[in-house]
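# Per-entry structural report
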Amino acid sequence: GGGAGAAGKAFVTAGQGGEVVVNVPNESVGLVIGKAGATIKYLEQTSGARIQIAKECPPGSNLRPITLTGGSQQAIQAAQSMILAKVNDGSAVGPP
């Protein structure tokens, strides 16, 4: 691995059904959800994808899987880009 101690980055893996899973460090999940869920609602509306955030991290992990489904491949791609930009680059993605 390496890079211990650095702030965790989000990264993408494939789910068992071929769905896209964005693994987000637990401390960064709040960025994706936003105040009272405002950001995640915005992400879903803007991308057209369905965004499901796991209630907790898998055992032994500090990453929270966020599953992107529904809509088109394009919608999922858009949601994925926005989540990665938000978490990894600190982009101001979200409601105005």
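Provided above is the structure to which this section pertains.
Residues numbered from 1 in each chain as written. Predicted model: local features only at pLDDT ≥ 70, side-chain atom pairs only at ≥ 80, totals over all residues. Heavy atoms only, no water.

### Here's the deal with the nonpolar core
Formed by 22 residues in total, the largest nonpolar core has its most connected members in Val22, Val24, Ile51, Ile66, Leu68 and Ile83. If you list the elements that add at least two residues to this core, you get β2 (20–25), α1 (29–33), α2 (38–47), β3 (50–53), β4 (63–69) and α3 (73–89). Per-element tally for this core: the top contributor is α3, with eight residues. If sequence neighbours within four positions are ignored, valine 24 has contacts with Ala10, Val29, Asn62, Leu63, Arg64, Ile66, Ile83 and Val87. (Core = buried A, V, L, I, M, F, W, Y, C linked by side-chain atoms within 4.5 Å. Buried < 20%, exposed > 50% of the residue type's maximum accessible area, 1.4 Å probe, protein only. Helix = DSSP H or I, 4+ residues; strand = E, 2+ residues; numbered from the N terminus. Contact = heavy atoms within 4.5 Å.)

### Overview of the packing of α2 against α3
The contact between α2 and α3 brings their axes to 8 Å, and the two run at 145 degrees. The handedness of the crossing between α2 and α3 comes out as right-handed. For the pair α2 and α3, the contacting residues are Thr39, Leu43, Thr46 and Ser47 in the first and Ala75, Ala78, Ala79, Met82, Ile83 and Lys86 in the second. (Axes fitted to C-alpha atoms, helices over the stretch in contact; angles between N-to-C directions. Left-handed = near helix turned anticlockwise from the far one by under 90°.)

### A closer look at the pattern of salt bridges
Enumeration over the complete set of coordinates arrives at one salt bridge. The closest approach of N and O atoms between glutamate 44 and arginine 50, which form a salt bridge, is 3.1 Å. On the accessibility criterion, glutamate 44 (24% relative accessible area) is partly exposed. (Salt bridge = Lys/Arg side-chain N within 4 Å of Asp/Glu carboxyl O.)

### Things to note about α3
Between its first and last C-alpha, α3 extends 23 Å over 17 residues, near the 24 Å set by a 1.5 Å rise per residue. Of all the residues in α3, the buried ones are Ala75, Ile76, Ala79, Gln80, Met82, Ile83, Leu84, Ala85, Lys86 and Val87. Buried residues in α3 make contact with β1 (11–14), β2, α1, α2, β3 and β4. Looking one or two residues past α3, glycine 90 carries a phi angle of roughly 65 degrees, positive in sign. (Expected span 1.5 Å × (residues − 1).)

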